[in-house]
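Results of the structural survey
As a plain string of letters, each chain reads:
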Amino acid sequence: MAGVQLNGIVKAYGAVQVVHGIDLEVNEQEFVVLVGPSGCGKSTTLRMIAGLEEISDGDLTIDGRRVNRVAPKDRDVAMVFQNYALYPHLNVAENIAFGLRIRKESKEVIASSVEEVGNILGLTPYLERRPADLSGGQRQRVAMGRAIVRRPKVFLFDEPLSNLDAKLRTQMRAEIKRLHKRLGVTSIYVTHDQVEAMTLADRIVVMNDGKIEQVGSPMELFLNPANTFVAGFLGSPPMNMVAARIASGGDAPVAEFGGQRLTLAPLPSLQNAVGKDVILGIRPEFVRIADDSAADIVRVEVDLTETLGSEALIHASLNGEPFVIRTETVGQMNVLDGISGFTIAPNLIRVFDAGTGEALPGQVVEK
Ligand SMILES: Nc1ncnc2c1ncn2[C@@H]1O[C@H](COP(=O)(O)OP(=O)(O)O)[C@@H](O)[C@H]1O
Ligand SMILES: [Mg+2]
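To start, this report covers the structure provided alongside it.

Cut-offs applied
Residues numbered from 1 in each chain as written. Chains lettered and ligands numbered in written order. Predicted model: local features only at pLDDT ≥ 70, side-chain atom pairs only at ≥ 80, totals over all residues. Heavy atoms only, no water. Axes fitted to C-alpha atoms, helices over the stretch in contact; angles between N-to-C directions. Helix = DSSP H or I, 4+ residues; strand = E, 2+ residues; numbered from the N terminus. Parallel < 35°, antiparallel > 145°, perpendicular 65-115°, else oblique. Left-handed = near helix turned anticlockwise from the far one by under 90°. Contact = heavy atoms within 4.5 Å. Nonpolar A, V, L, I, M, F, W, Y, C, P; charged D, E, K, R; others polar. 1 Å grid on protein atoms, 1.4 Å probe; cavity = no way out; pocket = protein on both sides within 12 Å on 5 of 7 lines; lining within 4 Å. Points joined across faces, edges and corners; volume = space filled by probe spheres on them. Pairing = 2+ DSSP bridges. Near = heavy atom within 4 Å. Polar contact = N/O pair within 3.5 Å; in protein donor to acceptor, adjacent residues only side chain to side chain. Areas by Shrake-Rupley, 256 points an atom, 1.4 Å probe, with all protein chains shown as cover.

Quick look at the packing of helix α4 (residues 136–148) against helix α5 (residues 166–183) now. Here α4 crosses α5 at 20°, and the two axes come no closer than 11 Å. On the basis of their axis angle, the class for α4 and α5 is roughly parallel. At the point where α4 passes α5, the crossing takes the right-handed sense. Contacts from Gly 136, Gly 137, Gln 140, Arg 141, Met 144 and Ile 148 in α4 reach Leu 168, Gln 171, Met 172, Glu 175, Ile 176, Leu 179 and Leu 183 in α5. Considered class by class, the residues forming the contact of α4 with α5 number 7 nonpolar, 4 polar and 2 charged.

Here it is, written out as structure tokens:
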């Protein structure tokens, strides 16, 4: 088992740079998820770690050894791909054993390894079958079996669940997490799906346009996004963004927008920002439905309400921009359609600089 360090890692294709100098330290046994929109450089970064792409600049260290120029098979990493990359003419047992055969392991070692991995992944009944005769989920398990059996120092996953239907994806996600708990192998997992990132990661790395936007635990990033990009990327539905200007309001600063106002937390960085244009980040889950009598109500115009069972999404508008409220249904079904507005605790409002998109300093929501 081993840590992985990226220091100033750059990837350029000819004159075009697509990864712009990434610094990241993945600790031993950690499960780190790289997440970001399509084309932001996740796969390229992972493939550089695997040795499938040349590193244009910077240093890559695995288990304390610089491996920039080390061949993929000598890096002791195992990669699981979206398309499984199984050998169609080999059966499940042979697919799992493939890497061990190449390494010229003994028959006994191969047999016991295949048996063990088959047990771990629930593949024992299918060992004689060919990939064509398996379901998508079973194929994905074989691909993981092939990686596990090699006992690598690091697992690398590139969107391994993207080809599965929603139900199976949820199930396999839990299996991958269980597997990581059991084996404790350092893992780097790439996905564009923020739910996968939130559920699987010890730490999430949010990438955008070849750069890292923020690194932290799922809850750190959810509660304290460093900028509007991370705020809008993590969370479903995403954080509401309201353009506002900070004004002084007595004990605490206030945010003004379209003739309405919200009291902000009495933090120095917000006190000192009077007159500044900001974006208020307001999570759909953090607001409380208010009735007309509430003194600090922010009024919205409701467009429609979607009832999802235990929860409802109220799609509204504020200042002409969409604004979503997520709320419980039980006990308040009769009021959901006709709400006038909401209230929110000042410390749950995230204030971003409208120019840079960066969160103003000093704001922390505790877990
Ligand atoms: N072989 C290549 N030649 C030129 N550009 C490439 C090549 N491979 C990837 N890219 C570009 O690098 C960027 C990052 O791609 P990729 O790492 O696959 O993104 P992601 O996995 O985050 O969707 C994209 O703009 C892509 O078009
Ligand atoms: Mg990719």
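It is worth spelling out the layout of surface pockets at this point. The calculated volume of the largest pocket comes to roughly 610 Å³. In this structure, the largest pocket is lined by 20 residues; those nearest its centre are Val 77, Ala 78, Met 79, Gly 99 and Arg 150. If you list the elements that add at least two residues to the lining of the largest pocket, you get β6 (77–80), α2 (92–102) and α4. Broken down by element, the lining of the largest pocket gets its largest block of residues, 4 residues, from α2. Classifying every residue of the lining of the largest pocket gives 14 nonpolar, 1 polar and 5 charged.

Moving on, we get to the sheet that holds strand β4 (residues 57–62). As summarised here, the arrangement of the 4 strands in space is β2-β1-β4-β5, forming an open sheet in which the pairing is antiparallel. Lying at the two open borders of the sheet, with one neighbouring strand each, are β2 (16–26) and β5 (65–66). For strand β1 (residues 4–13) and β2, the ladder comprises 8 bridges, and the chain directions are antiparallel. Counterpart to Gln 5 in the pairing with β2 is Glu 25.

Taken together, Tyr 13, Val 18, Pro 37, Ser 38, Gly 39, Cys 40, Gly 41, Lys 42, Ser 43 and Thr 44 make up the full set of residues adjacent to ligand 1. Between an oxygen atom of ligand 1 and a main-chain N or O atom of Gly 41, the distance comes to 3.0 Å. Between Lys 42 and ligand 1, the recorded distance is 2.9 Å, taken from a side-chain N or O atom to an oxygen atom. If ligand 1 stood free it would expose 570 Å²; the protein chains cover 56% of that surface. Tallying contributions element by element places helix α1 (residues 42–50) first for the shell around ligand 1, with 3 residues.

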